[in-house]
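Topology and contacts: notes
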Number of protein chains: 4
Amino acid sequence: MHRRVGVWLFGARGSVATTTVAGAAALAHGAPPAGVVTEQPAFAGAGLTPIDRLVFGGHDPSETPLSKQVERLVAGGVLPPGLDGLIAAELAETERNLVVLPVADTQDELVRRMAEDIRAFRLRNDLEHVVAINVASTEPPANVGYANLAELREALKASRVRSGQASREVSGQAGPQGSGGAGPEGSGGAGPEGSGGALPASSLAALAAFEAGAAYVDFTPSTSIRPQVVRDWAVERGLPYGGQDAKTGETLVKSVLAPMFTARALPVHAWSGTNLLGGGDGATLADPRAAESKSVSKERVLTELLGGEVPGEVHIDYVDPLGDWKTAWDHVMFSGFLGVRMTLQFTWQGCDSALAAPLVLDLARLSALALERGHVGAMPFLGFYFKDPIESTEHALTRQYDELVRWVQEC
Amino acid sequence: MHRRVGVWLFGARGSVATTTVAGAAALAHGAPPAGVVTEQPAFAGAGLTPIDRLVFGGHDPSETPLSKQVERLVAGGVLPPGLDGLIAAELAETERNLVVLPVADTQDELVRRMAEDIRAFRLRNDLEHVVAINVASTEPPANVGYANLAELREALKASRVRSGQASREVSGQAGPQGSGGAGPEGSGGAGPEGSGGALPASSLAALAAFEAGAAYVDFTPSTSIRPQVVRDWAVERGLPYGGQDAKTGETLVKSVLAPMFTARALPVHAWSGTNLLGGGDGATLADPRAAESKSVSKERVLTELLGGEVPGEVHIDYVDPLGDWKTAWDHVMFSGFLGVRMTLQFTWQGCDSALAAPLVLDLARLSALALERGHVGAMPFLGFYFKDPIESTEHALTRQYDELVRWVQEC
Amino acid sequence: MHRRVGVWLFGARGSVATTTVAGAAALAHGAPPAGVVTEQPAFAGAGLTPIDRLVFGGHDPSETPLSKQVERLVAGGVLPPGLDGLIAAELAETERNLVVLPVADTQDELVRRMAEDIRAFRLRNDLEHVVAINVASTEPPANVGYANLAELREALKASRVRSGQASREVSGQAGPQGSGGAGPEGSGGAGPEGSGGALPASSLAALAAFEAGAAYVDFTPSTSIRPQVVRDWAVERGLPYGGQDAKTGETLVKSVLAPMFTARALPVHAWSGTNLLGGGDGATLADPRAAESKSVSKERVLTELLGGEVPGEVHIDYVDPLGDWKTAWDHVMFSGFLGVRMTLQFTWQGCDSALAAPLVLDLARLSALALERGHVGAMPFLGFYFKDPIESTEHALTRQYDELVRWVQEC
Amino acid sequence: MHRRVGVWLFGARGSVATTTVAGAAALAHGAPPAGVVTEQPAFAGAGLTPIDRLVFGGHDPSETPLSKQVERLVAGGVLPPGLDGLIAAELAETERNLVVLPVADTQDELVRRMAEDIRAFRLRNDLEHVVAINVASTEPPANVGYANLAELREALKASRVRSGQASREVSGQAGPQGSGGAGPEGSGGAGPEGSGGALPASSLAALAAFEAGAAYVDFTPSTSIRPQVVRDWAVERGLPYGGQDAKTGETLVKSVLAPMFTARALPVHAWSGTNLLGGGDGATLADPRAAESKSVSKERVLTELLGGEVPGEVHIDYVDPLGDWKTAWDHVMFSGFLGVRMTLQFTWQGCDSALAAPLVLDLARLSALALERGHVGAMPFLGFYFKDPIESTEHALTRQYDELVRWVQEC
Ligand SMILES: NC(=O)c1ccc[n+]([C@@H]2O[C@H](COP(=O)([O-])OP(=O)(O)OC[C@H]3O[C@@H](n4cnc5c(N)ncnc54)[C@H](O)[C@@H]3O)[C@@H](O)[C@H]2O)c1
Ligand SMILES: NC(=O)c1ccc[n+]([C@@H]2O[C@H](COP(=O)([O-])OP(=O)(O)OC[C@H]3O[C@@H](n4cnc5c(N)ncnc54)[C@H](O)[C@@H]3O)[C@@H](O)[C@H]2O)c1
Ligand SMILES: NC(=O)c1ccc[n+]([C@@H]2O[C@H](COP(=O)([O-])OP(=O)(O)OC[C@H]3O[C@@H](n4cnc5c(N)ncnc54)[C@H](O)[C@@H]3O)[C@@H](O)[C@H]2O)c1
Ligand SMILES: NC(=O)c1ccc[n+]([C@@H]2O[C@H](COP(=O)([O-])OP(=O)(O)OC[C@H]3O[C@@H](n4cnc5c(N)ncnc54)[C@H](O)[C@@H]3O)[C@@H](O)[C@H]2O)c1
Ligand code: NA
Ligand code: NA
């Protein structure tokens, strides 16, 4: 029988996290696993942990009860009516595993405290493996430039944290940029609003995961595992990491349409997109600095799939009344034989969290399998799930899918 | 140096054929090969015949001069302004290779006469190989039920042809249905308008190609190589065949979107489509019987890609003022985690002939390569080009592309 | 203080009727009157009956309890969650006023029995006026050709009704066509084929309303008040009538877009539309004969607004998973100066019953005002609400609105 | 017989101007007057100047020959192929009436020189009336705050102009802001920052028109007649003015859709729009400061039609390969009865200049009629043509149309 696997969620009270926890409980009550890729026959023989053996925990600065979040998602049509009552017991169980972000004097200490929380979760629940997944609010881009692990360790020790800062700060420009030196001492901050951290919160979360012996997957476009030193840390600890920025909407569609134009040798002249979204994620992205992280990761897909930069802007508009729903409109101008101009437009109307949650379950199961197999370092075979797949340049969805299945079936 | 390859077009004065001939000439004058898949680097080492070594000829009941058709396509924005002047010499050369459909007493004789036309074309132009491609008007579906080649030969001899009939008739229900017997003798016709043919025109064209030692590719959804006996004929002659019904618009997009839903385990509840088109093809499809052939071949894609029938109608509307342009709107209703309903819509605005013509060039070059390699029978590796790929059930475009490249590179 | 007004609904257990009844109750509990046109300031001084003074009753062959229908509409997202509990008392009150269609030997008797039901409703509830509104399932078109009231009365007496027939039948070709003679004697009833009824159910409903001294408004495209004799009957009784076929979706949008093209002198070359809908109305319209009534009434708008027939088909597709939701896509091809071709497309995603119900409230209040004012005959000033406004050729929405406001304010 | 009317175009070599001149010539050669509103029957009896009696002239800093511009528009599909040859004589005639912007030391002198150009045009061509229409590049917004004509005159005299400056400058912040004082003395010119001009170019153009006894209509969203002093100047001279910012695309559609929601009492929760456009106008609007003028004028429509601010952004993206074509996508979120959320989306694909040019002809004819009738001051009855109708708050297209027709027919 399968031993239990822990899923540690950074951002554990957000929409994606709540939908994941509630959805796993709903599956246990017999809901069909729509959207869970790893429930398909191609994944059957690989010994993946059953979903009902996953145990959830996590960090979040917010203290809104999970049950309140579930109610909100039911009212918004993300979760089915009546679900809140049905899964009350499971929610209460997960609630006991949720922790506010610890307080610390330095980022070094913060990482250690966060790692302790994760280890405690593992012990208390008698878990075979733990997979940490970042589903926290998107941060603005940050430049991190430590030359090696030693420098990073120094900087973490030197960086003082204001009370509660790590949780709420949205730090850019952390650490010395390409210089290899430590962050500006005593400056009290390197980020736009004077953030003094050596690393932004998402990267600290990754380090905490590694310190606790957990795999780490980034569902967001935040800095987290982008810096080479953070990846080195994982390798030093012998752990796998993956990401970034789950593709669940406009970019998912792009990742199948762009290869169509390429395969047919049809030149694309302009690709424009407008994304309308509400919800917590929308509110975060209404901040142009956070939106920048998102846009950058969105753009990589097209540039790499079409073999070069293509004109056209991508707008991300916060439209509060849309709630957890997202509408994307894309307009593609291309030409055929002898230059005739043609157009493809699409409109995607999706519920973001309902698309994301089953993928969180997939990523937990697949990363647990990677831990099981002793995989160390990047997991490029998870590229299927991401807008900005780490250590991979393949963006065509079907090829990414085939690559994932090959990896799962390979042993 | 490459010897020349002949491209015999059934329907040689139609929009697709004319755009193909004019386009090949334009390329020779320096136009970039947009839309020609086989000009991509992946195809470079395979020794494909250069486009300027292709020589065009063909059958068509119509006698409108090619140059008139080119003028019409320039006026309609399919071909660039001024092209008619530029390529007058090339058009005149092709014009000399075009033949009206021959007159015959029986279908057997008709096939022989058509084959003679193709052989004469080969001799006159000193061609190494000839590839015949059917780009004639779509026929209504026909049931053909001969048990073996002998029976078919009998039926062809027995079937009387009215003067000029083969060319214009749009015959359904040809031959005995599933009975194995010959067509009703002396009945004077088995088709809706009393067609007495053993086979519909597209199948006769295939036989003529095989009799002339040519490969045969069907760009249309007509009967042609659907009957097993017609394929047997090709194999008996040691020749390759491929098809059917080029995917250039709505279905092309479907062939990348449907695999997206499947890969992500997102159940599709309904897929509805409306196609608006003008032009000669649109006028033909305004006849519900011809449209039936098209719809059947369009539907296979979704059913096979989504693993079952999905509700939703596909409309094909003739909208005369659209000319050679096609607009398709598709509405896909799917659900995600826990049954949340979502929607994807797309609108495709394409110029059909400009999308089709470069594929005709591809198919000519690839089929010549198959002849060169001595390939006999079905060419499933051409599935990338077709809505209803013969002897293949793979419809996902990226996988079809990869399969094609593998075949091209394999020797 | 306002005395109470009765609203008699033919089709009282359908989606539109149920949403109307439930919505009126919700307004009484404080819901804002979104979509109720007559709650706008322009209508304030006219002395319209307050919505909480409307009392509902009606006929329906179905016996499904209203509360079950409300539950279904809550589950389908048409009515807000929790509404069923809130308005239980109001539903029970309306339930007491609902009657199955009476049984009768002849259509003449049927009309009298139905009229008795309406009169009983008025007495029991002490109502000042009664307005009857037809929201029953759409019937197929029927030809009715009586020369005058006397002939019609003869025919009604002669027409025998099978038990329960009037309720369920969907009658075409009722009565003598243009001949003035009575319906085929002794034929034993009106069914889709060989219907022996003098009139289809919707026209009988109109007569019953008039016999009971009620105004009659047709929300559907059925025959009802189309025949001149039925209108004569209303005039003889000194009563107003209005209709037909409420415009709530695609046609509503057409009624503002078409005048835009006309006002700007932009020639429209083709207008194509596809309507996807589920629900009870969708299921009815899946029958091509019922859909015909709908299409005919939809087409009048464009033809009259654009000053002539415009090419382009209108499809109505039943897509069961859409439930009470409707999606319409329209594609308009027009040209500007010197013939340049341009395109306008729209996609409408609406909840039909939620758009229809507030209009039913409007029509009840406005018809009660007409009764109050002693208006006799057609109410063309209600054209704002209809695809096929009776005795009016104005289809431009803004003009219809201004006309309505003028009528309301005129006294 | 009608005497001739002059049409003086500021921006006479731009796309709109060129299409207007070429189009008027094409009409003389028999092209049908599609898009010309004043050719409709409702305008027949009013004695409007026939289009073939219009004579064109104008100012433009550019010196590209008109015939080159026509060629460019033919290549871009805005004008029909072959038109350049057909209308060579008419183009040459207009070319003789085109003038580069004069050089002057002060803005006062500049206005006088420009007025002289217009007067010369009138004399040379023996014109009964002259109508000046601004179709020059959109300027950024400017604040102009002169208390009265005397102050403005002072400021014009004091403002020094660099050689050629008036023509190319894109001046913001002209003149004292709300202070009533003169512009900064000796500043030596008006630039984007620290502009020393008393008025931006568009307002100078208006003054020049008035000095020459011409009516003035602003087709753009530039400052021009926005300042009260500029309007006072027109009134002092006894002349009519009108504008601003012609509605030809997205806003045109908004001006019929928004009244639909209002008339039906359907609350609009968010209205988002994305405009993709190329061409000279697109290049200008790629400058966010110029785009600001456009966005402001676009927004007035919705706010005034919906009776309040509605959330949602409007993007204007420059997409070079679109050429003179514009694509707009709008997404409207609204609700119906009891708060059910619904959506309307539209995609408009139009050729801007082909929509604009016939309106320029209309405005010339209608303004000439106003001159004829001795109308002085604002022409609010031209609101039908504008996004931001001067001295009018009516934005509903149908009502604007009816108002225009009433004015035309009134005498
Ligand atoms: N389809 C999708 O939903 C999708 C796709 C791709 C990426 N994402 C990303 O997933 C993330 C979560 O999206 P969401 O819709 O759940 O957003 P959300 O705003 O609902 O939730 C984010 C949660 O993160 C918490 N948080 C903030 N800072 C934190 C920190 N330093 N440590 C731990 N928790 C922190 C917040 O309190 C909040 O509870 C976003 O970054 C989003 O961009 C989502
Ligand atoms: N994108 C595309 O254009 C596309 C895609 C898939 C399939 N097709 C198919 O390609 C075919 C050609 O399309 P088109 O737009 O050129 O149509 P078209 O109507 O312009 O041309 C068809 C030509 O076939 C000729 N013809 C008719 N019967 C014939 C016969 N028995 N033998 C030889 N010629 C005959 C006609 O005279 C005409 O010249 C159609 O069947 C169409 O369905 C086209
Ligand atoms: N937006 C809209 O919803 C809209 C707009 C225009 C017109 N309509 C029309 O309104 C009508 C009602 O639509 P719906 O969605 O409520 O349909 P529905 O199918 O839910 O309800 C129709 C009801 O009519 C009843 N019925 C059938 N025959 C009857 C008869 N002879 N007498 C009395 N009742 C009878 C049925 O039992 C059913 O309860 C349809 O005709 C529809 O076309 C609706
Ligand atoms: N549908 C439409 O085309 C439409 C609708 C509304 C408003 N407009 C407005 O009409 C104007 C013209 O559009 P276009 O597409 O022709 O642009 P364009 O860029 O093609 O032409 C503008 C012309 O103005 C000239 N110009 C610049 N500054 C000038 C000055 N100070 N005096 C005189 N001429 C000057 C330029 O040299 C150029 O020739 C723009 O302001 C645009 O916003 C156009
Ligand atoms: Na793919
Ligand atoms: Na209107």
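Everything quoted here is computed from the prediction, not taken from an experiment.

**Quick look at the site of ligand 1**
Residue and element names in this part refer to chain A. Looking at ligand 1, there are 28 residues lining it, with V16, D60, A136, T138 and T248 nearest. T248 places a side-chain nitrogen or oxygen 2.7 Å from a nitrogen atom of ligand 1. The contact in question runs from a nitrogen atom of ligand 1 to an N or O atom on the backbone of D352, over 3.2 Å. Burial of ligand 1 by the surrounding chains reaches 89%, relative to a free accessible area of 850 Å². Broken down by secondary-structure element, the contributors of at least two residues to the shell around ligand 1 are α1 (15–28), α7 (165–168), α11 (279–285) and α13 (352–372). A class-by-class count of the residues in the shell around ligand 1 yields 10 nonpolar, 11 polar and 7 charged. Mapping the shell around ligand 1 onto the domain boundaries places at least three of its residues in each of domain 1 (5–140 + 194–246 + 354–409) and domain 2 (250–352).

**Here we look at the relation of the copies chain B and chain A**
Screw-axis analysis of chain B against chain A gives a translation of 0.0 Å along the axis, an RMSD of 0.0 Å, and a rotation angle of 180°. Both chain copies can therefore be described as sitting about a two-fold axis. Judged by C-alpha distance, F346(B) is the residue of chain B that lies nearest the rotation axis, at 2.0 Å. In this assembly the copies share their binding face: 100% of the residues contributing to the interface of chain B also contribute to that of chain A.

**Things to note about the confidence of the model for chain A**
Low pLDDT means the predicted coordinates in that region are not meant to be read closely. Of the residues in chain A, 91% have a pLDDT of 70 or more, and the chain-wide mean is 89. The low-confidence segment residues 163–195 of chain A, where pLDDT is below 50, has 77 contacts with residues more than four positions distant or belonging to other chains.

**As for the packing of helix α8 (residues 201–211) of chain D against helix α9 (residues 228–236) of chain D**
Residues and elements named next belong to chain D. Taken N-terminus to C-terminus, the directions of α8 and α9 make an angle of 10°; their axes are 9 Å apart at the nearest point. Judged by the angle between their axes, α8 and α9 are roughly parallel. Taking contact as the criterion, the partners of S203, A206, L207, F210 and E211 in α8 are, on α9, V230, W233 and A234. Looking at the contact of α8 with α9 residue by residue, the classes come out as 6 nonpolar, 1 polar and 1 charged.

**A closer look at the coordination of the sodium ion (ligand 5)**
The coordination sphere of the sodium ion (ligand 5), as far as protein atoms go, consists of T398(A) (OG1) and T398(B) (OG1), spread over 2.3 to 2.4 Å. Taken as a pair, T398(A) in helix α14 (residues 397–409) and T398(B) in helix α14 (residues 397–409) lie in two separate chains rather than in one. Taken as a pair, T398(A) and T398(B) share a single burial class, namely buried.

**Quick notes on the sheet that holds strand β1 (residues 5–10) of chain A**
With respect to topology, 7 strands assemble into an open sheet ordered β3-β2-β1-β4-β5-β6-β11 (chain A), the strand pairing being parallel. With partners counted over all chains shown, the strands left at the sheet margins are β3 (98–99) and β11 (377–378) of chain A, one partner each.

**Remarks on the relation of the copies chain D and chain A**
Copy one and copy two of the chain differ by a rotation about an axis and a translation along that axis. Its rotation angle being 180°, the transformation that places chain D on chain A also includes 0.1 Å of axial translation and leaves an RMSD of 0.0 Å. With an isologous cut-off of 70% or more, the 100% of interface residues of chain D that recur at the interface of chain A puts this contact in the isologous class.

**Examining the interface of chain D and chain A**
Each side of the interface is counted separately: chain D has 20 residues, and chain A has 21 residues. Between chain D and chain A lies a buried interface of about 1,700 Å² when both sides are counted; carbon and sulfur atoms form 62% of it. Counting across the interface, chain D meets chain A through 0 salt bridges. Counting the contacts that link chain D with chain A gives 8 residue pairs in polar contact (both at pLDDT 80 or more). Elements with a contribution of two residues or more to the side of chain D that touches chain A: β7 (268–277), β8 (314–318), β9 (325–335) and β10 (341–351) of chain D. Considered class by class, the residues forming the side of chain D that touches chain A number 7 nonpolar, 10 polar and 3 charged.

**Side note on the interface of chain B and chain A**
Each partner contributes to the interface: chain B provides 60 residues, whereas chain A provides 60 residues. Between chain B and chain A lies a buried interface of about 4,600 Å² when both sides are counted; carbon and sulfur atoms form 69% of it. Ranking the residues of chain B by area buried against chain A places R264(B), F337(B) and L338(B) at the top, with a combined share of 20%. The interface formed by chain B and chain A contains 2 salt bridges. Between R399(A) and D402(B) there is a salt bridge whose closest N-O contact spans 2.8 Å. Taken together, the connections running from chain B to chain A amount to 16 residue pairs in polar contact (both at pLDDT 80 or more). Considering each element in turn, the side of chain B that touches chain A owes the most residues, 11 residues, to strand β10 (residues 341–351) of chain B. Per-class residue counts for the side of chain B that touches chain A are 41 nonpolar, 14 polar and 5 charged. The pairing of strand β10 (residues 341–351) of chain A with β10(B) spans 7 bridges and is classified as antiparallel.

Thresholds, definitions, all that
Residues numbered from 1 in each chain as written. Chains lettered and ligands numbered in written order. Predicted model: local features only at pLDDT ≥ 70, side-chain atom pairs only at ≥ 80, totals over all residues. Heavy atoms only, no water. Near = heavy atom within 4 Å. Polar contact = N/O pair within 3.5 Å; in protein donor to acceptor, adjacent residues only side chain to side chain. Areas by Shrake-Rupley, 256 points an atom, 1.4 Å probe, with all protein chains shown as cover. Helix = DSSP H or I, 4+ residues; strand = E, 2+ residues; numbered from the N terminus. Nonpolar A, V, L, I, M, F, W, Y, C, P; charged D, E, K, R; others polar. Domains from an automatic or database assignment. Least-squares fit on C-alpha atoms with pLDDT ≥ 70 in both. Contact = heavy atoms within 4.5 Å. pLDDT = per-residue confidence, 0-100. Axes fitted to C-alpha atoms, helices over the stretch in contact; angles between N-to-C directions. Parallel < 35°, antiparallel > 145°, perpendicular 65-115°, else oblique. Donors = N, O, S within 2.8 Å, 3.2 Å for Na, K, Ca; no water. Buried < 20%, exposed > 50% of the residue type's maximum accessible area, 1.4 Å probe, protein only. Pairing = 2+ DSSP bridges. Buried area = accessible area lost by both parts, 1.4 Å probe. Salt bridge = Lys/Arg side-chain N within 4 Å of Asp/Glu carboxyl O.

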